[in-house]
Amino acid sequence: MELTTLKVRLDIKDDLIRQEFTRIVSSEEGFATYGPGDSGAADLLILQLGDRPEEEILQVQQILGSGTAREVFLTSKVLKSEILIEAMRAGVKEFFPQPVNKEEVKRALLKLRGQQSTQKPQKAEGPKKQGKIINVIGSKGGVGTTTVAVNLATSLAEADREKMVALIDMNLLFGEIPLFLSIESVFDWMEVAKNISRIDSTYLLSVMSRHNTGVHVLPSPAKVLDEFRVTPQVIEALLAQMRTMFDYIVIDSGQVLDDISRTVLKLSDSLIIVTLLSLPCLINVKRLMDHFQKFGYPLEEDIQILVNRHHKRSMISLEDAEKSLKKKIYWNIPNDFQTTMSAINQGRPLSVMDSASEITASFRELAAMITGKGQKKKSILPWR
Ligand SMILES: Nc1ncnc2c1ncn2[C@@H]1O[C@H](COP(=O)(O)OP(=O)(O)OP(=O)(O)O)[C@@H](O)[C@H]1O
Ligand SMILES: [Mg+2]
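Computed from a prediction, not measured in an experiment: that's the story for all the values here.

Scoring rules and cut-offs
- The residue numbers shown here count from 1 along each chain, following its written sequence.
- Chains carry letters from A onward and ligands carry numbers from 1 onward, assigned in written order.
- Since the coordinates come from a predicted model, pLDDT governs what is reported: local features require at least 70, and pairs of side-chain atoms require 80 or more to be given and counted, while whole-chain, interface and lining totals use all residues.
- Hydrogens and water are ignored here; the side-chain numbers use all heavy atoms of the structure.
- A strand pair is defined by DSSP finding two or more bridges across the two strands.
- Secondary structure elements follow DSSP: runs of H or I no shorter than four residues count as helices, runs of E no shorter than two count as strands, and numbering proceeds from the N terminus.
- Note on geometry: axes are C-alpha line fits, over the in-contact stretch for helices, and angles between N-to-C directions span 0 to 180 degrees.
- Whether two residues touch is decided by their heavy atoms; if any such pair falls within 4.5 Å, the residues are in contact.
- Put simply, a residue is near a molecule or strand once any heavy atom of it comes within 4 Å of that molecule or strand.
- Pairs of N or O atoms are called polar contacts if they sit within 3.5 Å, as long as, within protein, a hydrogen donor faces a hydrogen acceptor (for residues adjacent in sequence, only side-chain-to-side-chain pairs).
- For every accessible area listed, the method is Shrake-Rupley and the probe measures 1.4 Å; residues are considered covered only by the protein chains on display.
- Take the buried Ala, Val, Leu, Ile, Met, Phe, Trp, Tyr and Cys residues and link them wherever side-chain atoms come within 4.5 Å; each set so joined is a nonpolar core.
- Accessibility here uses a 1.4 Å probe with only protein chains present; expressed as a share of the type maximum, an area under 20% marks a residue as buried, one over 50% as exposed, and anything in between as partly exposed.
- Two kinds of site are reported from a 1 Å grid over the protein atoms alone, namely cavities, where a 1.4 Å probe fits but cannot get out, and pockets, open sets with protein on both sides within 12 Å along at least five of seven lines, and residues are called lining when an atom falls within 4 Å of a point.
- Grid points are joined across faces, edges and corners, and a volume is the space filled by probe spheres set on the points.
- Any residue that is not Ala, Val, Leu, Ile, Met, Phe, Trp, Tyr, Cys, Pro, Asp, Glu, Lys or Arg is counted as polar, Gly included; the first ten are nonpolar and the last four charged.
- Salt bridge criterion: a side-chain nitrogen from Lys or Arg within 4 Å of a carboxyl oxygen from Asp or Glu.
- Values of pLDDT, the confidence the predictor places in each residue, fall between 0 and 100.

Right, let's get into the sheet that holds strand 3 (residues 42-48). Spatially, the five strands line up as an open sheet ordered 2-1-3-4-5, and their pairing is parallel. Two strands close off the open sheet at either side, each with one partner strand: strand 2 (31-33) and strand 5 (94-97). On average, each strand axis in the sheet is tilted by 25° relative to the strand beside it, whichever way the strands run. Here four bridges tie strand 4 (residues 69-76) to strand 5, and the two strands are oriented parallel to one another. Across the sheet, residue phenylalanine 73 finds its bridge partner in strand 5, namely glutamate 94.

Moving on, we get to the sheet that holds strand 6 (residues 132-138). Spatial strand order, 8-9-7-10-6-11-12-13: eight strands in an open sheet with mixed pairing. Edge positions in the sheet fall to strand 8 (209-210) and strand 13 (331-334), since each of these pairs with one other strand and no more. Strand direction decides the pairing type here: strand 7 (residues 165-169) and strand 9 (residues 216-218), joined by three bridges, are parallel. Bridged to alanine 166 within strand 9 is histidine 216. Strands strand 6, strand 7, strand 10 (248-254), strand 11 (270-275) and strand 12 (303-310) of the sheet are contacted by helix 5 (residues 145-159), whose axis makes an angle of about 170° with strand 10.

Tracing the chain through its elements places glycine 214 in the loop between strand 8 and strand 9. C-alpha separation for the pair glycine 214 and alanine 153, spaced 61 residues apart in sequence, amounts to 9.5 Å.

Right, let's get into the site of ligand 1. Around ligand 1 sit 21 residues, and of these Gly142, Thr146, Thr147, Asn308 and Asp336 come closest. Threonine 147 is positioned with one of its side-chain polar atoms (N or O) 2.5 Å from an oxygen atom of ligand 1. Measuring from a nitrogen atom of ligand 1, one finds a backbone N or O atom of proline 334 at 3.0 Å. In isolation ligand 1 exposes 630 Å². Once the protein is present, 85% of that is buried.

Further remarks concern the nonpolar core. Leu156, Leu167 and Leu306 are the most contacted members of the largest nonpolar core, which has 34 residues in total. At the level of secondary structure, the elements contributing two or more residues to this core comprise strand 6, helix 5, strand 7, helix 6 (177-180), strand 10, strand 11, strand 13 and helix 15 (358-371). Element by element, the count of residues in this core is highest for helix 5, at seven residues. The contacts of leucine 306, once residues within four sequence positions are left out, are Val148, Ile272, Ile273, Val274, Thr275, Trp331, Ile333 and Leu366.

For the coordinates displayed, the defined rule picks out two cavities of 30 Å³ or more. Taken as a whole, the largest cavity holds about 50 Å³ of empty space. Residue lining of the largest cavity: Thr147, Val150, Asn151, Phe180, Thr340, Ala343, Ile344, Arg348, Pro349 and Leu350, and that is the complete set. Of all the secondary structure elements, the ones that give two or more residues to the lining of the largest cavity are helix 5 and helix 13 (337-346). Looking at the lining of the largest cavity residue by residue, the class counts come to six nonpolar, three polar and one charged. Along its surface, the second largest cavity is lined by Asn135, Ile137, Ser253, Val256, Leu257, Ser261 and Leu265. Those elements that provide at least two residues to the lining of the second largest cavity are strand 6 and helix 10 (259-267). For the lining of the second largest cavity, the per-class residue count stands at four nonpolar, three polar and no charged.

On inspection of all chains with the given rule, the structure shows 10 salt bridges. Two residues, aspartate 15 and arginine 18, come together in a salt bridge whose shortest N-O distance is 2.7 Å. Of this pair, aspartate 15 and arginine 18 both sit in helix 1 (residues 15-27), three residues apart, roughly one helical turn. Using a relative accessible area of 43% as the deciding quantity, one classes aspartate 15 as partly exposed. For aspartate 269, the salt bridge is made with arginine 243, and the minimal N-O distance between the two is 2.9 Å. Linking aspartate 269 in the loop between helix 10 and strand 11 with arginine 243 in helix 9 (residues 232-245), this pair joins segments that are 26 residues apart in sequence. Judged by relative accessible area, aspartate 269 falls into the partly exposed class, the value being 30%. With relative accessibility at 16%, the residue arginine 243 sits in the buried group.

Time to look at the layout of surface pockets. Taking a probe equal in size to a water molecule and rolling it over the atoms shows the remaining empty space. Approximately 860 Å³ is the volume attributed to the second largest pocket. When its residues are assigned to classes, the lining of the second largest pocket shows 21 nonpolar, 14 polar and seven charged.

What follows covers the confidence of the model for the chain. Per-residue confidence for the chain averages 87 on the pLDDT scale, and 90% of its residues sit at or above 70. Here residues 120-125 is a poorly scored stretch, pLDDT under 50, and it has five contacts once near neighbours within four places are set aside; other chains count. Segment residues 377-384: pLDDT under 50, and 15 contacts once partners within four positions in sequence are set aside and those in other chains are kept.

Take a look at the structure:
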């Protein structure tokens, strides 16, 4: 089931109140707040009344009349009945006193969604998605596999907001994605796998955590349950369902090559091997590629080598690595300990941590190449 995303503009001067509304709106499926670069008409404007409420209500009338926003909700610290009456006359649908009651806002958003879906001409249901599974594995522990998986997923979602992006953590013991994205999740993929017979898109969307960037996250199990064993069949069913719902499914596979990760490998459309330009890592890349050749999957053309923590004065150059691996390096991400570490410590994607940094630009360009949107650098590798 695909929801049309309703765009919400927040015109709220008070930082704390704005953050609160941003959190509520972003946590609701099918709603997105305006980013700095977004333009065009909003489905909903949430406006905080300031010192001159009468004038602001007049502006609301103009906004609704001009179609700049389809609906307006108001919030204010003080509530005067005559202002409220004027606001309703101007066409305001909801009024939220402060402190804001989260449940009240959620109810109003759901009501709005119901109204919009009956007002808007429904899009004919197209064919189901055939999502692309992008599997990210590390040539060694600590090379930045999780950093790459998380920031690739968030950059894909930011590159094209129409696309649905999922991020799955396959590290059975030490999954860290919730930390990287400050997500508190009640459900994990083991929990979902236990209910595989019930799985449909509504159920999956309700148990996955939606990050502000739009990425839907399925974390790894917080504890491994002895009474339930995940089987390759379970993972197959889960990924088959996810393919019909998401455009991109990014998987952090860590470094294991057990039955489960081999099933994921078999189903992946592309495999990104994260490596450093160090001898032990490159030897491992070679070993991995030998294994894959023996397995018969993934195909050589579906394997992409990504060099992480690249710096220009590296003892082993990208050209050296290509020669020894007999394979082109697909992408490289610059070394930036400061930004990656702060991002992890604050639980933010790199694009939020420092949108102007070189490392963020590198992920943005990688996502643009994959989605075909934005700055494309198809055959020109960034270091050439
Ligand atoms: N491009 C980069 N530049 C500098 N430091 C980086 C970069 N990418 C990742 N790191 C750092 O490397 C460390 C490990 O990163 P990360 O957790 O993503 O690796 P991992 O391969 O998933 O590790 P694990 O094997 O524990 O799962 C982190 O401290 C992170 O800040
Ligand atoms: Mg990791």
